[in-house]
Amino acid sequence: MASAPLLLENIIYKKRNYVFAFVRHRLFVLCKQSLVRVQSAEGIKRIEISPKSNLKQLYDSVQTTLRVDGFGLFKDRTFLTELHANGSQLVGTTLKHGDMIYLKQMAGTSTRRTSTTVLENPTFSKAVSIDDHSNSSSSAARPSQEVIEDAVDQLLAKADGSIKRERDSKLCHHNANGRCVHCSPLEPYDESYLKEHNIKHLSFHSYIRKQTSGMSQGKYFVFDDINCRIRPGCREHPPWPKGICSKCQPSAITLNRQTYRHVDNVMFENTKIVERFLNYWRTTGHQRMGYLYGTYEQHTDVPLGIRARVAAIYEPPQESSRDSLNMLPDEGAADVEAVATALGLKKIGWIFTDLITADATAGTVKQIRGIDTHFLTAQECITAGELQNRHPNPCKYATNGVFGSKFVTICVTGDQTKQVHMEGYAVSAQCMALVRDNCLLPTKDAPELGYVRESTDKQYVPDVFYKEKDQYGNEVQRLGRPLPVEYLLVDVPASTPLQPQYTFTKYDQRQPFPVENRYIDGHLQDFNALSNYLSVWGDEEFLEAISDFHLLIFLYKMDMLPLRQHMAPLMEAVRTKNPNQAAEFKGTEVWKLLESLIQASSGSSGGTTNYSSDIGPSANAGGSSGSEPMDLDANTWTCNHCTFINRGELTSCEICSLPR
């Protein structure tokens with residue numbers, strides 16, 4: 001009898017739940033409202049919407065309730081059947097009361113939510129029917145598949161990647177067509193193989209293969225962008241510094257050594273590229289910086305590896321000394337990019353020197369960097385992170401369409417034998433995020449240490465930790481104030497091939513064309529330098545003479561003779577090494593005009609004219625020790641190109657060196 005009241009209470013409680021659910025359902029029906037559940041990474045939210053509303057209004061309601069943008073709504077957990085935001089399809093025809101839909105953040109600029117204003121165009125709605133959208137495949141509907149990756153990434157994504165092994169005569173006891181554990185192919189991320197061949201880091205595509213292997217096949221694998229800033233738009237409290245919550249507060253960061261790298265090797269095509277770059281330091285003793293231009297190709301020494309192949313070094317405007325280097329604004333950067341693109345090249349890295357002469361007679365330099373001091377300073381890591389952020393790596397597995405960077409850093413310094421050598425590096429994705437969000441600073445006295453900013457009223461900075469071993473061998477966690485920058489670095493080997501390769505001219509005996517932005521005697525780029533350079537080449541050597549990256553940039557930027565509009569065939573001839581196409585360009589009127597100017601100025605000394613210091617009789621009579629005053633009417637002429645007023649005895653302009 002004691003259990004009777006308890007049983008009755010359970011029945012009443014259940015009936016009360018049934019009644020409550022029935023009443024609520026009838027209430028929604030009478031009010032003509034439907035309840036739709038939206039599942040996202042933040043949890044499940046309930047949306048009340050009229051069945052007569054269209055799907056665009058559903059997207060607007062979800063955006064208002066969840067405060068998200070750039071998303072898509074799907075009917076299943078596998079994100080295959082998508083609900084497209086359009087104004088013609090009604091909610092009642094697609095969803096029922098109480099249905100669950102699934103929200104997914106899209107990579108890049110999503111057409112699901114951010115472009116709903118375009119979908120309101122009636123002509124667009126007629127051109128693309130709803131049935132075509134619903135029957136489209138998942139691969140065509142996901143923006144991550146629309147990310148255009150680099151050509152080398154597309155090639156490696158299709159490659160098998162497995163490491164082939166030959167049959168072992170001692171361990172394999174099967175026939176030639178069989179396979180066993182001793183001769184079956186290995187995965188590109190096999191740890192024993194990498195350790196045996198002294199490969200320190202996984203290649204980026206091997207890392208992707210490792211993450212997408214197993215039972216899940218990488219179904220939930222994605223590269224999330226590291227965020228070090230407060231998420232904007234939180235309405236639950238006043239803005240920082242008056243309030244912050246767990247929803248908008250960035251998480252603390254624990255630095256880990258990156259196990260993969262985007263570029264596995266940097267190869268300079270020949271030693272003359274670096275020697276030409278180092279000539280400035282050998283001449284002045286000042287440090288120098290330049291941008292590397294080249295291509296990315298497959299690196300066969302590392303499974304699914306990528307190699308950066310350097311073809312030329314462009315030196316931007318800069319001020320340097322023995323111990324400092326200051327970058328200046330480059331007004332011709334767009335012209336350099338245009339020339340590089342026409343030649344099939346792209347900016348793949350940067351190079352700088354840190355050389356101090358130890359013995360000039362022996363040709364040795366001091367060893368400044370090493371394991372006892374530092375590899376890169378904190379300021380150089382910040383600069384590398386800034387440059388990598390400007391050149392991100394397109395990736396279809398990233399939430400925003402890009403992740404990491406293939407941009408490399410090359411430092412030319414002294415080694416243990418006091419010889420000049422190159423060291424290659426890249427900074428990790430964590431360092432790129434810290435630099436992008438302005439969280440990392442260099443220290444004043446210790447170049448090997450960085451410093452994480454402290455939070456202020458204007459900026460909230462999350463805590464950054466790193467792990468190290470204490471004096472007892474225990475692994476302890478430290479706050480990144482200060483921070484050893486070695487946690488942010490990834491080694492990238494730099495080398496030259498045994499057989500030199502040449503994208504541009506191979507200079508053996510002839511003097512190369514001067515490099516840009518070198519304002520020292522003998523290194524200036526002007527019309528005289530162009531005339532002297534082309535005069536040593538024959539007509540049949542025109543393609544070889546013109547195949548110089550610095551010369552092409554000079555011609556493209558030339559103001560006195562507009563060549564840039566006519567240089568497309570010449571660029572194509574240099575890129576494809578086609579002598580016939582180069583000869584056709586040599587016969588054009590614009591190049592003949594340039595040749596005529598060169599021939600007219602070849603007999604004169606141009607801007608290096610030595611003027612006579614003889615004193616005229618009238619000057620001697622007057623007791624003056626200066627030169628004779630110039631008559632602006634009879635003894636001068638005005639240059640038609642630069643409008644400079646020259647002396648009458650000159651046959652070429654003193655400023656631009658063009659003929660009279």
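This structure is a prediction, so every number in the text was calculated from the model and none was measured.

Chemist: When you look at the overall build of the chain in this model, what are you seeing that I'm missing?
Modeler: Summing up its helical and strand segments, the chain has 21 helices and 27 strands in all. Residues counted as buried form 42% of the 660 residues belonging to the chain. Contacts in the chain between residues far apart in sequence, at least 24 positions, make up 66% of those at least 6 positions apart. Surface summary for the chain: the accessible area is close to 37,100 Å², and the carbon and sulfur share equals 51%.

Chemist: For this particular structure, what's the right way to read the packing of helix 13 (residues 378-390) against helix 14 (residues 429-436)?
Modeler: When two helices pack together, their arrangement is captured by the angle between the axes and the distance separating the axes. Remark: helix 13 packs on helix 14, axes separated minimally by 8 Å, with the N-to-C direction vectors making an angle of 90°. Taken together, helix 13 and helix 14 sit at an angle that is classed as roughly perpendicular. Along its contact with helix 13, which presents Cys381, Ile382, Gly385, Glu386, Gln388 and Asn389, the element helix 14 presents Cys431, Met432, Val435 and Arg436. A per-class count over the contact of helix 13 with helix 14 returns five nonpolar, three polar and two charged.

Chemist: How do you make sense of the packing of aromatic side chains when you look at a structure like this?
Modeler: Within a pair of aromatic rings, the relevant descriptors are the distance that separates the centres and the angle that separates the planes. Overall, the coordinates contain 21 aromatic pairs when judged by the stated rule. Judged by centre distance (5.5 Å) and plane angle (50°), the rings of Phe513 and Phe554 are tilted. With Phe513 in the loop between strand 25 (494-495) and helix 15 (527-535) and Phe554 in helix 17 (residues 549-556), this pair connects stretches of sequence that are 41 residues apart. Looking at Phe513, the relative accessible area reads 1%, which means it is buried. For the pair Phe542 and Trp591, a centre-to-centre distance of 5.2 Å together with 75° between the ring planes defines the contact as edge-to-face. Note that Phe542 is positioned in helix 16 (residues 542-546) and Trp591 in helix 20 (residues 589-602), a separation of 49 residues in sequence. Trp591 shares its class with Phe542; the two are buried. Among the aromatic residues, those joined into a ring-pair cluster are Phe204, Tyr207, Phe221, Phe223, Tyr260, Tyr397 and Phe403.

Chemist: For this particular structure, what's the right way to read helix 12 (residues 333-342)?
Modeler: In an α-helix, one turn spans 3.6 residues, which is why side chains three or four residues apart end up on the same side. Among all positions in helix 12, only Asp335, Val336, Val339 and Ala340 are buried. Within helix 12, the buried residues cover an arc of 135° as seen down the axis, which keeps them to one side. Exposed and oriented more than 90 degrees from the buried face of helix 12 are Ala334 and Thr341. In this fold, the buried residues of helix 12 make contact with strand 10 (289-299), strand 11 (305-314), helix 17 and helix 18 (568-576). The positive-phi residue at the C-terminal boundary of helix 12 is Gly344, with phi of around 80°.

Chemist: Just to check I follow, could you spell out the pairing of strand 21 (residues 464-469) for this structure?
Modeler: On a regular strand, each side chain points to the face opposite its neighbour's, so the side chains alternate between the two faces of the sheet. Relative to strand 21, strand 7 (residues 253-254) runs parallel, the two being bridged by two bridges. Along strand 21, the bridge assignment pairs Ile253 with Val464. Here five bridges tie strand 21 to strand 22 (residues 475-479), and the two strands are oriented antiparallel to one another. The residue of strand 22 that forms the bridge with Lys467 is Gln477. Hairpin connection between strand 21 and strand 22: a loop of five residues separates the two successive antiparallel strands, and Gly473 in this loop has a positive phi of roughly 85°.

Chemist: Can you help me understand the pattern of salt bridges in this one?
Modeler: Should their charged atoms come close, side chains of opposite charge can pair. Under the definition given, this model contains 30 salt bridges. In this structure, Glu236 and Lys247 form a salt bridge, with 3.0 Å as the shortest nitrogen-oxygen distance. Here the residue Glu236 occupies a position in the loop between helix 10 (204-211) and strand 7, and Lys247 occupies one in the loop between helix 10 and strand 7, the gap between them amounting to eleven residues. Residue Lys247 is classed as partly exposed on the basis of its relative accessible area of 47%. One salt-bridge network, in which partners are shared between bridges, spans Asp150, Asp153, Lys346 and Lys406.

Chemist: Whenever I open this one, the environment of Leu103 confuses me. Can you help?
Modeler: Inspection of the secondary structure assignment puts Leu103 in strand 5 (residues 100-105). Judged by its relative accessible area of 9%, Leu103 falls in the buried class. Residues in contact with Leu103, not counting those within four places in the same chain, are Val38, Gln39, Ser40, Val62, Leu66, Val68, Phe71, Gly72, Leu73 and Phe79.

Chemist: Honestly, the confidence of the model for the chain in this entry has me stumped. Any pointers?
Modeler: Keep in mind that low pLDDT regions are not for reading the predicted coordinates in detail. Mean pLDDT for the chain: 81, with 83% of residues reaching 70 or above. Within the model, the stretch residues 107-143 combines pLDDT values under 50 with 52 contacts to residues more than four positions away or in other chains. Overall, residues 604-633 carries pLDDT values under 50, and its contacts beyond four positions in sequence, including any with other chains, amount to 24 contacts.

Chemist: I tried to follow the sheet that holds strand 2 (residues 43-49) on my own but got confused; where do I start?
Modeler: The strands making up a sheet associate through hydrogen bonds between their backbones, and the pairing can be parallel or antiparallel. Strand order across the open sheet formed by five strands is 2-1-5-3-4, with mixed pairing between neighbours. If you trace the sheet from one side to the other, it starts and ends with strand 2 and strand 4 (82-83), each paired once. Across four bridges, strand 3 (residues 71-74) lies against strand 5 in antiparallel orientation. Across the sheet, the residue bridging to Gly72 is Lys104, located in strand 5.

Chemist: Any chance you could explain the side chain of Lys347 here in plain terms?
Modeler: Relative to the elements of secondary structure, Lys347 occurs in strand 14 (residues 346-353). Setting aside residues up to four positions removed in sequence, Lys347 forms contacts with Tyr291, Leu292, Tyr293, Tyr296, Glu337, His391 and Phe407.

Chemist: Could you clarify how one ought to interpret unusual backbone geometry in this entry?
Modeler: Peptide bonds are mostly trans, and most non-glycine residues show a negative phi. With an omega of 15°, the peptide bond between Trp240 and Pro241 qualifies as cis. Inspection of the secondary structure assignment puts Pro241 in the loop between helix 10 and strand 7. The omega angle of the peptide bond from Arg481 to Pro482 is 5°, so this bond is cis rather than trans. Relative to the elements of secondary structure, Pro482 occurs in the loop between strand 22 and strand 23 (483-484).

Chemist: Help me understand the environment of His286, please; the structure alone is not making it clear to me.
Modeler: By the element assignment, His286 lies in the loop between helix 11 (271-284) and strand 10. What makes His286 partly exposed here is its relative accessible area of 29%. Placed 34 residues apart in sequence, His286 and Ser320 show a C-alpha to C-alpha distance of 5.9 Å. The contacts of His286, once residues within four sequence positions are left out, are Tyr280, Trp281, Ser320, Ser321 and Arg322. Within the structure, His286 has its side chain in polar contact with the backbone oxygen of Ser320 (distance 3.3 Å).

Criteria and thresholds
Residues numbered from 1 in each chain as written. Predicted model: local features only at pLDDT ≥ 70, side-chain atom pairs only at ≥ 80, totals over all residues. Heavy atoms only, no water. Helix = DSSP H or I, 4+ residues; strand = E, 2+ residues; numbered from the N terminus. Buried < 20%, exposed > 50% of the residue type's maximum accessible area, 1.4 Å probe, protein only. Contact = heavy atoms within 4.5 Å. Areas by Shrake-Rupley, 256 points an atom, 1.4 Å probe, with all protein chains shown as cover. Axes fitted to C-alpha atoms, helices over the stretch in contact; angles between N-to-C directions. Parallel < 35°, antiparallel > 145°, perpendicular 65-115°, else oblique. Nonpolar A, V, L, I, M, F, W, Y, C, P; charged D, E, K, R; others polar. Phe/Tyr/Trp six-rings, centres within 6.5 Å; stacked < 30°, edge-to-face > 60°. Arc of directions from axis to C-beta. Pairing = 2+ DSSP bridges. Salt bridge = Lys/Arg side-chain N within 4 Å of Asp/Glu carboxyl O. pLDDT = per-residue confidence, 0-100. Polar contact = N/O pair within 3.5 Å; in protein donor to acceptor, adjacent residues only side chain to side chain.

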